[in-house]
Each structure stands twice: as structure tokens, then as C-alpha cells.
Amino acid sequence: MFNLEICQKARLSRDARFDGKFFIAVKTTGIYCRTICPAQPPKEENVLYFASAVECATSGFRPCLRCRPDSAPQSPAWQGVNATLNRAKALIDEGVLQNSSLPLLAERLGITDRYLRALFNKHLGVSPKSYALYQQCLFAKQLLHETKLPITQVALASGFSSIRRFNDCFQQQLKLTPSAMRKSSQALNVQLSQQLNNQLNQLGHTLKIKLYYRPPFNWSVMQKTLSSRAIAGLEWCTQQSYGRSFELFDYGDSSGTSLCKGHFTAIHVEEKHCFNVSIELSDIKHLKVIINNIRRILDLNVDMQAVEQDLKHCFIDEAPLAAGIRLPGIWSMFEAGVRAILGQHISVTAARNLVSQLVESLGVAENDKCFFPTPKAIANSELAFFKIPGARKQALRNLAQHYLDYSEPDDPKPWLELKGIGPWTTNYAKMRGLSDPDVFLVGDLGVKKAMKYLKADATTSADKGFNAQQASPWGSYLTFQLWNLL
């Protein structure tokens, strides 16, 4: 938590750089706000500062209907170096407790459920289940504000199995009923997406939503990265937007069941520090997972100021740090692995051509869009349409079969046992398929060229102007910074 003077200055100046880093609770109104709230600033003696929205809620405050703290850029609710707690929070945010139990989550984390509860109580002051319910309610609140989905659909999309349970939990957590929340947002003239919200089409549900981030955001670099690798029919990219088709799979059984499919388009609105996202999907129960993945692909959750403060130690004056360069993600770890295999030892353009051939030959086309080939489709194909070495074809089939044989195939460590897959391939897939922040591709040709330009290597000491080792835990961001020098 920042000291009192910093919080006061950030609140009074409405500084967007602090948006989501702490929250302001007003004792006289019982409401908590973001630093950028447009309301008249309250007197300092009536203000309390909290590190997270969860702490505000557990202290009896409800979220402001004007600045909507639920839409603030995500940030740690603790001064976090605790990897276990961080991973637990991320899994709960993805909705893992909606279909699983706390003991199973703890087992997945390699700890006991008692220790997991102790971690949450110590750092957040709430139990894991209470945290999960609050996150579900905040997500529901966002849908009530920004969409016209019926309240029953909002409850389903937020992970509640009954409308009664949803109403009770929502009122308990946010001090308002869902219907009252929707009426309040309309009374405040919140901009709702009239044309696309609550419409049914060939796939099912279509809606629009805003996804916010904390500046700086170098959209031009991300747009260049995404557009240079975009596959026609699968992805679309303009100067201000990126979109693609997607499909979710359950790899818990050998068939790799498809849970949901659809597509999204995200339009960058720089002056509002957000993306206007339209999403079309076949099953609204998976909406939260899809939105979380879109946030990951666009890297909206990172605190760039913290990243760049560390990366400054890695650069020399002749090559200053470029502000706001984020990690452009790939929809799934499987797709990232396939792209990495096809991109081994060739240019970006050549790799894109190979991926295009794969999608055209094995992907499923629907209307004017297509979907990335499934593991089953690749595993059962001879890949005769490829003019690449047989060993590389076999590496693709090995990876696809791995996804059919294992219940949690996204773990890249076992990939190294597959013939044709080495450290560069797994690291690239981790960096873009999992958005792992600490992958420094020291063996990458582009990284080597950039470091040659800097007259440095990975072990150059800091007093000579460059030190890649000081980039940890932001090695992936250093990789993209170096690529940007080319």
C-alpha cells in the first residue's frame, strides 16, 4: 500500500496511473471508488484507503455506480511475491471454484485447503470461497451495467446455478439487488450497447463490454505484432482493432470435447484507456473464461510502470526503453505450440504462411470465419499439404497426440520429452500461450541481433550498460523490447 501522501495526491489529481492500485472508501456515503472517479472529491477526514476492492467490500462499503471499481484494471490485492496465492487468485478468477471444490483447488496448487484458507485470510481478510463469490458478483455487476442480457442470463454467465442464489449473494455482497443495480445504471445514463446486446444469432449470444487497462499501452507495437502474424479467416486486424475466432476445449477426456465457440473484436480507445469488445459465443456459461483470455491476449492486467521500472536497469542510453510494450498473446497454449513448431528457424512471414496452410487444410470453416484445427485433426493427418521436413510434421502430430492423451496438457515441461520440441519452442509457447512474464528468449535470432546492436550479451554486467539478468521477473517484456529494436 502506498503512503498516505501519495494516496491523497493521486485521489485529488484523479491520476489514471494509479487506477486499480488502491481504492478510496468514503465513510459518510458507504461507497468506495477508483482514483479516477468524476464525483466531487470528499474531505480527507471522511476517506479511507484500501489496497483492494475486496477489502473495501469486507469493510462494509459498496462500489460506486459512477466510476465502477469493478471495471478498474486488475491489480494484486497484496504486495505480492507469493506465487501460490497469486496462482490461486488467478484460478479462482477464471471460475475454477464454480465447478470444483476447495480441496481439489488446493491439491492442484500442491498445498492443503487449510493452508490455502490461511493465505487468503492473512492477505485478503476473506476465505477463498468468499473471494470467489465477490468476483462473481463484480462480473455480474459489469454485465448489468454494460449489457442488456436478461438477469437470468447474467446469473448463468456469472457462474450461479439459480436466480435465487444469485439475488441473495448479489445483495449480500454489493448491498443492492441485481434489478436495482440495472435501474441505477440506466438512471445514471450509462452507455449501453443497444445494437448488439441481448441479440441471438447463429451461434447464440452476442454482447459488448469494455475492458480497461492502466496506461501506458503501446498499441502500435502490439498491433504490428498481431497483424504481421494474423491468419486470414481466423484473425482480423486493423489500425485500431484486433479480433479472432475461438474455441474452448475440455481436455479432461480423450475426445477433447468442445465447450464453446465464437469470435470477438476488440477496438482500442486510447483516450479512455480501454478496449470496446464485442463477443459472440455459443454458450454464455463460459463468458467469464473468454473475457479473462481476451484480457490475457491484450495483456490488460499488467502494471507497466512496475515492469518498466525494473527494465530500465537493462538498457543503455543509446537504446532507451520504449514505453508501454506489452505481451501479445495467442488464444491457447496448443495453438501457440503449433505456431512455435512451424516457426522454428524461419522468418515471421514464412511461419505465417505455414500456419495459414494448416488452418486452410484442417480448420473448420463457418460462414466467413474459420477455427484453428483441433488436436485430433492434426494427430490424424499425414500433413501431406506441407512442404516441410518429415521430422517437423511428426513434431506437430506428437504435440497434438499429447493433448489427446493428457488431462492437463498445457504444462510445457513434458513437451520437452516429445521429439522435435526443444527449449525455444516451449519457451515461445509459454511466453505467448500462457503469457508467462519471465521468458527471456536468449537463443532467439532476433534477440541475438538486438543484443549485437547493443554490443551486449546475456551476461554483460550492469556497469557496461546492459544486464539481461536484472530483467527477472520480466524476461518476456525484455524479449519484446529487444525485438522492437530491430
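For the structure itself, consult the block above.
First things first, this report covers the structure right here in the doc. Computed from a predicted model, the values in this text were never measured in an experiment.

Digging into the sheet that holds strand β2 (residues 31-33)
Part 1 of the argument: Read across the open sheet, the four strands follow the order β3-β1-β2-β4; overall the sheet is mixed. The sheet terminates laterally at β3 (47-50) and β4 (62-63), the two strands that pair on one side only.
Part 2 of the argument: Its contacts with the sheet place helix α1 (residues 4-13) against β1 (23-26) and β3, and it is angled at close to 110 degrees to β3.

A short note on the side chain of R295
Part 1 of the argument: Mapped onto the secondary structure, R295 falls in helix α11 (residues 287-298).
Part 2 of the argument: Buried charged residue R295 carries no salt bridge. Nearest counter-charge: D299, at 8.9 Å.
Part 3 of the argument: At 2.7 Å, the side chain of R295 forms a polar contact with the side chain of N301.

Some details on the pattern of salt bridges
Part 1 of the argument: In total, this model carries 14 salt bridges according to the counting rule given.
Part 2 of the argument: Among the salt bridges present, the one from R68 reaches E146, with a minimum N-O distance of 3.0 Å. One end of the pair, R68, is in the loop between β4 and α3 (83-93); the other, E146, is in helix α6 (residues 128-146), and 78 residues separate them in sequence. Summarising the burial analysis for this pair, R68 and E146 share the class buried.
Part 3 of the argument: Two residues, D368 and K369, come together in a salt bridge whose shortest N-O distance is 3.3 Å.
Part 4 of the argument: When salt bridges that share partners are traced, they join E235, R244, E335 and R339 into one network.

Here's the deal with unusual backbone geometry
Part 1 of the argument: Here the residue pair P215 and P216 is connected by a cis peptide bond, since its omega of 10 degrees sits within 30 degrees of zero.
Part 2 of the argument: Among the secondary structure elements, P216 is positioned in the loop between β6 (205-212) and α10 (219-229).
Part 3 of the argument: Of note in the backbone geometry, D299 takes a positive phi value of approximately 55 degrees without being a glycine.
Part 4 of the argument: Given a relative accessible area of 9%, D299 falls into the buried group.
Part 5 of the argument: One non-glycine residue, H345, lies in the positive phi region at around 65 degrees.
Part 6 of the argument: Note on placement: H345 falls in the loop between α13 (333-342) and α14 (348-362).
Part 7 of the argument: The exposure class of H345 is exposed, given its relative accessible area of 79%.

Considerations on the nonpolar core
Part 1 of the argument: Of all hydrophobic cores here, the largest spans 75 residues; its most connected members are I279 and L287.
Part 2 of the argument: With ten residues, α6 is the single largest residue contributor to this core.
Part 3 of the argument: Within the second largest apolar cluster, 32 residues are counted, among which are L342, V355, A379 and L396.

Observations regarding the packing of aromatic side chains
Part 1 of the argument: A complete count under the given rule lists 23 aromatic pairs for this structure.
Part 2 of the argument: With a centroid separation of 5.0 Å and an interplanar angle of 75 degrees, the aromatic rings of F480 and W483 are classed as edge-to-face. Of this pair, F480 and W483 both sit in helix α19 (residues 475-484), three residues apart, which is roughly one turn of the helix.
Part 3 of the argument: One aromatic cluster in this structure is built from Y213, F217, W219 and F275.
Part 4 of the argument: Across from the ring centre of F18, 5.7 Å away, lies the NZ or CZ of K21, which sits over that ring.
Part 5 of the argument: When the ring centre of Y212 is taken as reference, the NZ or CZ atom of R34 above it lies at 5.3 Å.

Remarks on helix α5 (residues 113-123)
Part 1 of the argument: When α5 is considered as a whole, its buried residues turn out to be L116, L119 and F120. Considered in projection along α5, the buried side chains sweep an arc of 90 degrees and stay on one side of the axis. Turned more than 90 degrees away from the buried face of α5 sit R114 and K122, all of them exposed.
Part 2 of the argument: Downstream of α5 by a residue or two, G125 has a phi angle that is positive, lying close to 80 degrees.

Quick notes on the environment of M181
Part 1 of the argument: Mapping M181 onto the fold places it in helix α9 (residues 178-187).
Part 2 of the argument: Each C-alpha atom, one on M181 and one on K141, is 7.5 Å from the other, the two residues being 40 residues apart in sequence.
Part 3 of the argument: Not counting chain neighbours up to four residues away, the residues in contact with M181 comprise L65, K141, L144, H145, F170, L174 and L176.

Overview of the pairing of strand β8 (residues 241-250)
Part 1 of the argument: Of all ten residues making up β8, eight are buried, and the element is well covered by its neighbours.
Part 2 of the argument: As paired elements, strand β7 (residues 235-237) and β8 share three bridges and run antiparallel to each other. Along β8, the bridge assignment pairs C237 with Y242.
Part 3 of the argument: If you look at the hairpin formed by β7 and β8, you'll find three residues sitting between the two strands.
Part 4 of the argument: Pairing of β8 with strand β9 (residues 257-269), which is carried by ten bridges, proceeds in the antiparallel orientation. Across the sheet, R244 pairs through a bridge with F264, a residue of β9.

So, how was this worked out
- Residues numbered from 1 in each chain as written.
- Predicted model: local features only at pLDDT ≥ 70, side-chain atom pairs only at ≥ 80, totals over all residues.
- Heavy atoms only, no water.
- Pairing = 2+ DSSP bridges.
- Helix = DSSP H or I, 4+ residues; strand = E, 2+ residues; numbered from the N terminus.
- Contact = heavy atoms within 4.5 Å.
- Axes fitted to C-alpha atoms, helices over the stretch in contact; angles between N-to-C directions.
- Buried < 20%, exposed > 50% of the residue type's maximum accessible area, 1.4 Å probe, protein only.
- Lys, Arg positive; Asp, Glu negative; His and termini not counted.
- Salt bridge = Lys/Arg side-chain N within 4 Å of Asp/Glu carboxyl O.
- Polar contact = N/O pair within 3.5 Å; in protein donor to acceptor, adjacent residues only side chain to side chain.
- Core = buried A, V, L, I, M, F, W, Y, C linked by side-chain atoms within 4.5 Å.
- Phe/Tyr/Trp six-rings, centres within 6.5 Å; stacked < 30°, edge-to-face > 60°.
- Lys NZ or Arg CZ within 6 Å of the ring centre and 35° of its normal.
- Arc of directions from axis to C-beta.

These values are about where atoms sit, not about what they do.
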